[in-house]
Amino acid sequence: TTADFSPDGQWLATGSADVTVRFWNMRVPGFPHFTLPGFSDRISGVSFSADGTWLVTGSGDTVALWKMDSISPTSTPTKKLNYPGRGRITSLALSHRGLLIAAGKFNSARIWDVAHPNSAGRPLARLDHNLSWPLIAFSIEDRWLVAIDYFGGYLWDMSDPNRPSNSPIIWG
């Protein structure tokens with residue numbers, strides 16, 4: 001189960017194991033305003049961009065980008081990013097400047113640059129780790145990316161997103 005508020009506070013996006021992403025209009029709270037179609041696995045992450053123009057979802061092996069100015073119950077993602085490998089996506093994060101998406105999975109994390117349409121869905125970097133159910137987060141200035149689980153985590157310096165450098169492991 002996952003949730004995020006749009007930066008303007010108008011929308012709450014929720015995702016869950018019932019394979020749905022629901023939009024709740026916070027100006028008229030109560031029932032979901034609409035549901036996004038097209039998912040085949042549980043929703044493990046939803047995140048709005050800092051400027052509110054994008055919603056990013058994570059489900060199974062797919063990260064999807066949705067343009068908020070045209071989102072509706074009949075929308076399709078603007079872009080889908082494939083993340084093959086063992087297990088499902090366990091979490092995702094959108095950098096605060098909205099340029100990078102990170103997704104975590106069993107033993108790895110991937111980073112995509114979504115600001116450049118020529119990336120064709122290829123990840124910028126694959127970050128290996130030994131975490132089972134990592135949670136992923138960018139620091140507020142987007143310099144650091146952390147992946148953590150129950151026993152510890154990894155920290156990467158994202159000063160050059162094409163070559164993230166692994167910093168000391170965090171335990172505790």
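In the block above lies the structure referred to throughout.
Residues numbered from 1 in each chain as written. Predicted model: local features only at pLDDT ≥ 70, side-chain atom pairs only at ≥ 80, totals over all residues. Heavy atoms only, no water.

(A) Here's a closer look at the sheet that holds strand 7 (residues 62-67). The 4 strands are arranged 5-6-7-8 in an open sheet whose pairing can be described as antiparallel. A strand with exactly one partner marks an edge of an open sheet, and here the two such strands are strand 5 (43-48) and strand 8 (79-82). Here the strands of the sheet are splayed against their neighbours by 15° on average, with no regard to which way each runs. Here strand 7 runs beside strand 8; their pairing, made up of 4 bridges, is antiparallel. Each residue of the ladder has a partner; that of Leu65, found in strand 8, is Lys79. (Pairing = 2+ DSSP bridges. Helix = DSSP H or I, 4+ residues; strand = E, 2+ residues; numbered from the N terminus. Axes fitted to C-alpha atoms, helices over the stretch in contact; angles between N-to-C directions.)

(B) Region of interest: unusual backbone geometry. In this model, Val19 sits at a positive phi of 70°, which is unusual for a non-glycine residue. With respect to the secondary-structure elements, Val19 resides in the loop between strand 2 (11-15) and strand 3 (21-25). What makes Val19 partly exposed here is its relative accessible area of 27%. Backbone geometry places Asn107, a non-glycine residue, at a positive phi of 70°. Tracing the sequence through the fold places Asn107 in the loop between strand 10 (100-105) and strand 11 (108-113). (Buried < 20%, exposed > 50% of the residue type's maximum accessible area, 1.4 Å probe, protein only.)

(C) Up close: the packing of aromatic side chains. Counting across every chain of the model gives 7 aromatic pairs. Arranged with centres 5.9 Å apart and planes meeting at 75°, the rings of Tyr83 and Trp112 form a pair that is edge-to-face. Residue Tyr83 is found in the loop between strand 8 and strand 9 (91-94), and its partner Trp112 is found in strand 11; the two are separated by 29 residues along the sequence. By the ring-pair criterion, three or more aromatic residues cluster together here, those being Trp11, Phe23, Phe34 and Phe48. (Phe/Tyr/Trp six-rings, centres within 6.5 Å; stacked < 30°, edge-to-face > 60°.)

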